[in-house]
Protein chains: 2
Amino acid sequence: MIKAPNTRAEALQRDAADPLADRAALFDLPDGVTYLVGHSLGPPPKGARDRLAAAQADWAGDLVRSWNSASWIDLAERTGDRLASLIGAQPGEVIVADSVSVNLFKLAAAALPQARTYALFVEEDEFPTDQYIAAGLGGLSGAEVRLLAPGGSFEALRAGGVVIKSAVNYRSSEVTDIAAHEREARRQGALIIWDLSHATGVLNLKLAADGAVLAAGCTYKYLNGGPGAPAFVFVAGELSPKLATPLPGWMGHAAPFAFDGKYVPRDGVARFASGTPPILSLAALSGALEAIEGVDLGQLQAKARALGALAVARAQAMGLDVLSPVEDGRRGGHVSLRIAEGYPVVQALAARGVMADFRAPDTVRFGFSPLFLSYQAVWNAMAALAEILESRSWDQPQFHARAKVT
Amino acid sequence: MIKAPNTRAEALQRDAADPLADRAALFDLPDGVTYLVGHSLGPPPKGARDRLAAAQADWAGDLVRSWNSASWIDLAERTGDRLASLIGAQPGEVIVADSVSVNLFKLAAAALPQARTYALFVEEDEFPTDQYIAAGLGGLSGAEVRLLAPGGSFEALRAGGVVIKSAVNYRSSEVTDIAAHEREARRQGALIIWDLSHATGVLNLKLAADGAVLAAGCTYKYLNGGPGAPAFVFVAGELSPKLATPLPGWMGHAAPFAFDGKYVPRDGVARFASGTPPILSLAALSGALEAIEGVDLGQLQAKARALGALAVARAQAMGLDVLSPVEDGRRGGHVSLRIAEGYPVVQALAARGVMADFRAPDTVRFGFSPLFLSYQAVWNAMAALAEILESRSWDQPQFHARAKVT
């Protein structure tokens with residue numbers, strides 16, 4: 001159990017001893033904002049701005065030659081290699097490509113022929129896209145698709161199919177034991193595709209050590225890669241030669257500029273590249289990674305969990321219903337609370353400069369990005385929440401007005 | 001037949017009368033460069049820079065709220081609506097999403113159940129990705145995939161399957177008669193997916209009038225959207241309700257923020273959205289379109305063809321083998337010449353500030369983007385080519401050095 005600061009003074013002490021404290025200076029954050037939505041869209045690291053400016057200058061100056069001169073041609077691979085070190089994988093096992101949705105589809109289609117049975121499994125409380133993609137692939141391929149009750153993945157591995165499973169649940173923040181699932185998958189001839197969207201950049205992921213072989217994830221949450229930044233694919237080195245992507249685009253070809261009608265996949269995970277990647281967005285992601293590189297992932301995870309523990313303790317002191325696991329080791333980087341009047345409460349927090357997010361019908365999520373948040377800021381945010389609830393200051397008309405998206 | 005300028009003076013006269021002459025000022029082009037590679041990567045319009053800067057400011061300032069406050073949430077749709085007017089389609093029939101590769105896959109998978117036979121056809125001289133994607137989809141879905149001899153699409157329509165066909169061939173620049181193909185497709189119960197990558201932004205496309213119902217295309221060529229800018233999907237309004245995407249991501253859901261496990265597609269082409277789009281790249285594209293909007297597409301096509309006619313006439317005068325159709329109405333925006341020493345010739349041109357591209361083994365392509373090129377510039381480029389060939393100045397060691405990508 002992580003000891004959370006119990007007073008504002010203790011929070012300040014933790015900040016003074018925080019080995020990641022200097023990382024906040026690498027971000028462009030507006031004054032007066034405590035940003036607890038890094039689990040949805042990370043704020044811009046300065047490196048993202050710099051790399052994007054460089055890519056624009058390359059486009060304007062060297063034009064199409066920049067594919068060579070600025071090495072755009074292998075930017076997706078090079079960025080993937082850097083991502084590999086953030087998830088416990090090796091260079092050549094990760095490439096940046098497409099969206100999480102498309103990548104889950106590619107991996108699931110490639111995995112089905114390798115599993116003992118031609119069937120797909122997804123828990124019904126997974127991020128909906130994961131379910132839709134399984135259904136879409138089932139319709140096209142004839143694979144059986146079965147929706148599982150929450151937590152049903154481990155049992156489902158016995159069927160020997162392909163399971164799509166989040167490492168951290170998007171709503172509850174519950175963490176899955178990757179190693180235990182992979183041991184069972186191996187016994188059963190099943191394959192697991194890990195959705196790392198809510199795990200990368202906040203957990204100390206050790207995919208290789210845990211036996212994981214397939215994963216996809218997004219880069220715009222705790223990796224701060226920018227809105228809709230391209231996603232990534234992980235395939236363990238020993239598995240990739242056996243896999244065929246269903247979306248063989250020219251960027252995944254061994255010799256893309258031979259313009260040969262016969263598809264010869266590239267070695268390693270690079271075969272899961274498809275069309276031309278969005279270089280401007282990819283350049284921003286590439287620069288954003290500078291804000292996390294060099295950080296000890298154990299310290300990263302410990303700080304995220306300590307900030308979460310602070311929030312959990314304060315929420316319990318307010319008598320709130322904590323939807324996320326209170327046991328720190330079972331919780332990812334965000335904490336979800338059930339607050340009946342969650343929508344206006346989140347607006348009232350925003351009016352005080354504290355940004356959180358609301359998920360209908362009654363879930364308020366706080367994301368604890370450990371790179372730019374301080375203990376003091378989280379302490380103050382929870383104190384603001386307590387005041388808003390106690391004074392019922394959320395109950396004002398302007399806090400009930402609905403925006404299109406929250 | 002378009003009358004091409006026959007002298008430098010005539011080229012200058014054409015520039016003086018060019019209704020698109022003022023468009024060049026909307027681009028950031030380096031001094032001293034004649035850019036004849038707009039068919040590969042368009043140069044940056046100033047609008048792209050401005051919209052990208054605005055998106056970055058939104059990211060930094062309003063953070064995740066920008067999905068609402070900056071309307072990122074419907075940027076792919078709004079940009080699609082603007083693209084619709086450039087291809088002869090209606091708002092609601094075009095959306096920006098993913099890459100051409102992924103979009104061809106989505107459309108082909110959705111079209112197969114609607115065609116008379118469950119089979120896919122691609123000509124073997126199509127852009128290779130189109131062939132790979134057909135093969136990938138065939139492997140997954142069980143659809144028969146047949147490669148056709150060049151020009152074999154029209155015949156193949158009799159089989160009643162799904163044909164993937166470029167409106168302009170990437171290598172030869174040969175234009176396909178969309179209306180004639182669609183009439184035959186309708187008779188035969190076949191469906192055609194048009195790859196508009198080399199056609200959009202340079203031809204006066206009239207998809208609705210020609211009876212086209214399905215298309216995809218890229219935006220980084222004649223639309224100047226930026227390197228790897230996201231692609232687009234076109235589905236005719238009457239057809240979209242019948243189609244199911246095989247890649248149902250959350251952005252294509254009727255209520256994406258309900259996070260419902262059941263997939264309910266959005267109306268119209270928007271169901272072909274999948275994951276979160278790369279907003280920074282999409283913002284650049286959105287701004288880039290300002291450089292073409294308001295242009296008469298008939299004038300756009302006429303200028304591109306006149307510039308091409310100039311190049312064809314000069315090439316013929318040099319005794320070069322013209323691979324592209326010399327009949328103007330059969331030719332898209334680029335002109336391909338066969339030059340045995342094409343690689344060093346292209347390097348020698350570059351040394352004189354004329355950028356063209358080389359495709360192994362012996363094809364030199366010149367792209368005639370009508371928005372920023374002048375008749376005079378193209379005249380001078382062809383004069384430079386003649387001098388290089390006549391003087392054999394290409395035969396110097398520095399022009400033979402190979403870059404990784406050309």
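What you are looking at is a predicted structure, and each value in this text was computed from that prediction instead of being measured.

## Comments concerning the sheet that holds strand β9 (residues 321-322) of chain B
Residues and elements named next belong to chain B.
Piece 1. What the 4 strands build is an open sheet, ordered β9-β10-β13-β12; its pairing is antiparallel. What marks the edges here is a single partner per strand, and that holds for β9 and β12 (357-359).
Piece 2. Lying over the sheet, helix α11 (residues 297-317) contacts β9, β10 (334-338) and β13 (363-367), oriented at roughly 15 degrees with respect to β10.

## Description of the packing of helix α1 (residues 8-16) of chain B against helix α13 (residues 375-391) of chain B
Residue and element names in this part refer to chain B.
Piece 1. Running from amino to carboxyl end, α1 crosses α13 at an angle of 155 degrees, the nearest separation of the two axes being 7 Å. What the angle tells us is that α1 and α13 run roughly antiparallel. Mapping the contact onto sequence places R8, A11, L12, R14 and D15 in α1 and Y375, Q376 and W379 in α13.
Piece 2. Of the residues assigned to the contact of α1 with α13, the class counts are 4 nonpolar, 1 polar and 3 charged.

## A word on the sheet that holds strand β5 (residues 162-166) of chain B
Pairing between the strands of a sheet is mediated by backbone hydrogen bonds and can be parallel or antiparallel.
Residue and element names in this part refer to chain B.
Piece 1. Spatially, 7 strands are ordered β2-β8-β7-β6-β5-β3-β4 in an open sheet, and the strand pairing comes out mixed. Strand pairing shows two members of the sheet lacking a second neighbour, β2 (94-96) and β4 (144-148), which therefore form its edges. Pairs of neighbouring strands in the sheet enclose a mean axial angle of 20 degrees, with direction left out of account.
Piece 2. Alignment of β5 against strand β6 (residues 191-195), held across 5 bridges, turns out to be parallel. The residue bridging I164 from the neighbouring strand is I193, located in β6.
Piece 3. The sheet strands contacting helix α4 (residues 75-87) are β2 and β8 (232-235), and the helix crosses β2 at an angle near 130 degrees.

## Observations concerning the domain arrangement of chain A
Many descriptions give the size of an interface as the accessible area lost when the pieces come together.
Residue and element names in this part refer to chain A.
Piece 1. Looking at chain A, the domain boundaries give domain 1 (8-20 + 296-399) and domain 2 (48-291).
Piece 2. Inter-centroid distance (C-alpha atoms) of domain 1 to domain 2 is 30 Å.
Piece 3. Opposite the 20 residues of domain 1 that make contact, domain 2 presents 13 residues.
Piece 4. Listing elements by their share of the side of domain 1 that touches domain 2, those giving two or more residues are α11 (297-317) and β10 (334-338).
Piece 5. At 5 residues, the largest contribution of residues to the side of domain 1 that touches domain 2 is made by α11.
Piece 6. For the side of domain 1 that touches domain 2, the residue count by class is 8 nonpolar, 9 polar and 3 charged.

## Considering the nonpolar core
Piece 1. A108 and I193 of chain A together with A108 and I193 of chain B are the most contacted members of the largest nonpolar core, which has 278 residues in total.
Piece 2. Not counting residues up to four positions away in its chain, the partners in contact with I193 of chain A are L104, L107, A108, A111, V162, I164, L214, A215 and A216 of chain A.

## A closer look at the relation of the copies chain A and chain B
Superposition of the two copies of the chain requires a rotation about an axis together with a shift along that axis.
Piece 1. Least-squares fitting of chain A to chain B yields an RMSD of 0.0 Å, with the transformation described by 0.0 Å of translation along the axis and a rotation of 180 degrees. The two molecules are tied by a two-fold rotation axis, judged by turn and shift.
Piece 2. When the interface residues of chain A are mapped onto chain B, 100% of them again fall at the interface, so both copies present the same face.

## A word on the environment of N6 of chain A
All names here are of chain A.
Piece 1. Turning to its location among the elements, N6 is positioned in the segment before α1 (8-16).
Piece 2. In this structure N6 comes out as partly exposed when scored by C-beta crowding, with 13 C-beta atoms within 10 Å.
Piece 3. Separated by 339 residues in the primary sequence, N6 and V345 have C-alpha atoms spaced 23 Å apart.

## Topic: unusual backbone geometry
Piece 1. Across the junction of A360 of chain A and P361 of chain A, the peptide omega takes the value 5 degrees, indicating a cis bond.
Piece 2. Inspection of the secondary structure assignment puts P361 of chain A in the loop between β12 (357-359) and β13 (363-367).
Piece 3. In this structure, S71 of chain B takes a positive phi of about 55 degrees despite not being glycine.
Piece 4. Locating S71 of chain B in the fold gives a position in the loop between α3 (66-69) and α4.

## Things to note about the interface of chain A and chain B
Piece 1. Of the residues lining the interface, 70 residues belong to chain A; the matching set on chain B comes to 70 residues.
Piece 2. Elements supplying a minimum of two residues to the side of chain A that touches chain B: α2 (46-61), α3 (66-69), α5 (100-111), α6 (128-141) and α10 (279-288) of chain A.
Piece 3. Here the side of chain A that touches chain B gets 11 residues from one element, more than from any other, and that element is α6 of chain A.

## A word on helix α8 (residues 178-188) of chain A
Residue and element names in this part refer to chain A.
Piece 1. Where α8 is concerned, the buried positions are I178, H181, E182 and A185. Projected onto a plane normal to the axis of α8, the buried residues spread over an arc of 100 degrees and lie on a single side. Exposed side of α8, more than 90 degrees from the buried face: A180 and R187 are the residues found there.
Piece 2. Tucked into the core, α8 has its buried residues touching α7 (153-156), β6 (191-195) and α9 (207-210).
Piece 3. Once α8 ends, the next one or two residues include G189, with phi positive near 70 degrees.

Basis of the calculations
Residues numbered from 1 in each chain as written. Chains lettered and ligands numbered in written order. Predicted model: local features only at pLDDT ≥ 70, side-chain atom pairs only at ≥ 80, totals over all residues. Pairing = 2+ DSSP bridges. Helix = DSSP H or I, 4+ residues; strand = E, 2+ residues; numbered from the N terminus. Contact = placed C-beta atoms within 7 Å. Axes fitted to C-alpha atoms, helices over the stretch in contact; angles between N-to-C directions. Parallel < 35°, antiparallel > 145°, perpendicular 65-115°, else oblique. Nonpolar A, V, L, I, M, F, W, Y, C, P; charged D, E, K, R; others polar. Domains from an automatic or database assignment. Core = buried A, V, L, I, M, F, W, Y, C linked by C-beta atoms within 7 Å. Buried ≥ 20, exposed ≤ 12 C-beta atoms within 10 Å, placed from the backbone. Least-squares fit on C-alpha atoms with pLDDT ≥ 70 in both. Arc of directions from axis to C-beta.

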